[in-house]
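Structural overview
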Amino acid sequence: MERIEEAFEAVDRAKFMPENVRHLAGYDQAVPIACGQTISQPYTVGLMLQWLNPQPGNKVLDVGSGSGWTTALLSHLVGPKGKVYAVERIPELVEFGRDNCEKFGVKNAYFSTAGDELGLLEEGPFDRILVSAAADKFPEELMGQLKKSGKLVIPIQSDILEITKTSEKTGRDVRKHPGFVFVPLL
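Presented here is a report on the structure given in the accompanying data block.

Conventions we followed
- Per-chain numbering applies: the sequence of each chain, read as written, is numbered from 1 onward.
- This being a predicted model, a pLDDT of at least 70 is required before a residue's local features are given, and a value of 80 or more before pairs of side-chain atoms are given or counted; all residues contribute to the totals for chains, interfaces and linings.
- Side-chain calculation: all heavy atoms of the structure are included, whereas hydrogens and water are not.
- Note that a disulfide, as used here, is simply two cysteine sulfur atoms within 2.5 Å.
- Residue exposure (1.4 Å probe, protein chains only): buried if accessible area is under 20% of the type maximum, exposed if over 50%, otherwise partly exposed.
- Only runs of H or I of at least four residues qualify as helices and only runs of E of at least two qualify as strands under DSSP, and these elements are numbered from the N terminus.
- When DSSP finds two or more bridges between two strands, those strands count as paired.
- Here the axes come from fitting lines to C-alpha atoms, over the contacting stretch only for helices, and the angles between their N-to-C directions go from 0 to 180 degrees.
- Whether two residues touch is decided by their heavy atoms; if any such pair falls within 4.5 Å, the residues are in contact.

1. Brief notes about the state of the cysteines
Inspection of every chain in the model, using the stated rule, returns 0 disulfides. Between Cys 35, a cysteine without a disulfide, and Cys 101, which holds the nearest cysteine sulfur, the sulfur-to-sulfur distance is 17 Å. Residue classification places Cys 101 among the buried positions, given a relative accessible area of 2%.

So this is what it looks like as structure tokens:
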């Protein structure tokens, strides 16, 4: 948890919020950013990062990157030898997140507009995958983009699933953390 707390101190949430809502940056709540999307509640992001456990040098996929805040946190956690691939469906948010990360000095993050397939198959496999929006059902295509022993953290309806891939095929260890609310995965 100490590394995550250090990342939260290093990555100022306010710098990833629209100017008209920056005064809410210190509150532990989700805040609207644009296009019906939000920057997530810090408490929830902290838990998700703890469960994801990104390590220095990891290659990480950040699905639903929004404002770029989680991308910058992941960038800090994986360090200069790691890479973060940020994917977002809304082009305005891809630009907003990329600009925020560039202004903040993030050098190891790469932004893409999501296509029809969930994730970023051409850049996989990944050591870690973080999804920051709720799916109705588990998207199996993400498991194929995860390395063996890799971790995936994803909201499914009102639960957050913490998944460790245990084999190249379909083996996985799943922990369910109930009681969360997210914007829908588009």
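The structure having been displayed, the exposition proceeds.
2. Details of the environment of Pro 91
Within the secondary structure, Pro 91 is located in helix 4 (residues 91-104). A C-alpha to C-alpha distance of 22 Å links Pro 91 and Gly 124, two positions 33 residues apart in sequence.

3. Looking at the sheet that holds strand 7 (residues 146-156)
Taking strand neighbours across the sheet as the criterion, the 7 strands line up as 5-4-3-6-7-8-9 in an open arrangement whose pairing is mixed. At either margin of the open sheet sits one strand with a lone partner, and together these are strand 5 (109-113) and strand 9 (172-178). Here the average twist between neighbouring strands, direction ignored, is 15°. As judged from the 7 bridges shared by strand 8 (residues 159-165) and strand 9, these two strands associate in the antiparallel manner. When the sheet's bridge partners are listed, Glu 162 is paired in strand 9 with Arg 175. Across the sheet, helix 2 (residues 42-52) touches strand 6 (126-131), strand 7, strand 8 and strand 9, and the angle it forms with strand 7 is around 160°.

4. Remarks on the environment of Gly 64
Tracing the chain through its elements places Gly 64 in the loop between strand 3 (59-63) and helix 3 (69-78). The class of Gly 64 is partly exposed, set by a relative accessible area of 23%. Taking C-alpha positions, Gly 64 is 9.9 Å from Val 183, a pair spaced 119 residues apart along the chain. Setting aside its immediate chain neighbours within four residues, Gly 64 contacts Val 87, Glu 88 and Ser 132.

5. Quick look at the pairing of strand 6
Burial runs high along strand 6: 6 of the 6 residues are buried. The pairing of strand 3 with strand 6 spans 4 bridges and is parallel. The residue of strand 6 that forms the bridge with Asp 62 is Leu 130. Taken together, the 4 bridges between strand 6 and strand 7 define a ladder with parallel strand orientation. Bridging across to strand 7, Leu 130 finds its partner in Val 153.

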